[in-house]
Amino acid sequence: RSVNIRERLDFSCALFDARGALVANAPHIPVHLGSMGDAVADLLAQIQRGERPALVAGDTVISNDPFHGGTHLPDITAITPVFAPGAPHPFAFVACRGHHADVGGLTPGSMPPFSQTIDQEGWLVRNHWIIRAGELCHTSWVACLQEAAVPPRDPALLWADLQAQAAANRLGVDLLQALLQIEGEPRLRSYLQH
């Protein structure tokens, strides 16, 4: 719904392997793609350390933390795991990063040039589930927003755009699972590594 994503096309989509290494990307915004794999790897590291729960099919996690694979706070990454049937761990990830119109902070647009702390720039989120096992996590998302020093001015717009990112990832998951059925898991895993 936001102008940044709908009209300026300030978003990027990519496919990552099970470790978070870039496999393929759409020809969008290069600055998004340079660190998006680091955001996926950060999620995996937190899970491995027991700081986050294990991923399950139907999850989508968001992050914009520039200290852990993000760029600046308006660029929020949505990460969705892709599972083979019956597998306990994802064999790939689809992710998209969109520049949101406002994530709070001292000025509209969330990029105040005079900020002295990251909290003044807006809502900082690191690996927060917005969809868990196929169910929207709206209540926990609202609670997470309320922790921001200066929350977003239009949370409904932000929520709509995050749902659009999750829907884009869902399409990526569906297409990869269809490819898995056609080519088989060994061949697909091999090409992900290439």
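Residues numbered from 1 in each chain as written. Predicted model: local features only at pLDDT ≥ 70, side-chain atom pairs only at ≥ 80, totals over all residues. Heavy atoms only, no water.

### Concerning the side chain of Asn64
And step 1. Mapped onto the secondary structure, Asn64 falls in the loop between β3 (60-63) and β4 (75-82).
And step 2. Taking relative accessible area as the criterion, Asn64 reaches 0% and is therefore assigned buried.
And step 3. Within the local environment of Asn64, its side chain forms a polar contact with the backbone oxygen of Leu73, the two atoms lying 2.9 Å apart.
And step 4. At a separation of 2.7 Å, a polar atom in the side chain of Asn64 contacts the main-chain amide nitrogen of Val125.
And step 5. Setting aside chain neighbours within four positions, we find Asn64 in contact with Gly70, His72, Leu73, Asp75, Ile76, Trp123, Leu124 and Val125. (Helix = DSSP H or I, 4+ residues; strand = E, 2+ residues; numbered from the N terminus. Buried < 20%, exposed > 50% of the residue type's maximum accessible area, 1.4 Å probe, protein only. Polar contact = N/O pair within 3.5 Å; in protein donor to acceptor, adjacent residues only side chain to side chain. Contact = heavy atoms within 4.5 Å.)

### So, unusual backbone geometry
For residues that are not glycine, phi is negative in most cases, and the peptide bond is trans in most cases.
And step 1. Although it is not a glycine, Asn127 adopts a positive phi angle of roughly 55°.
And step 2. Tracing the sequence through the fold places Asn127 in the loop between β5 (92-99) and β6 (128-132).
And step 3. You can call Asn127 buried: its relative accessible area is 2%.
And step 4. Positioned with a positive phi, Ala133 is a non-glycine residue whose angle comes to about 55°.
And step 5. Within the element layout of this structure, Ala133 appears in the loop between β6 and β7 (135-136).

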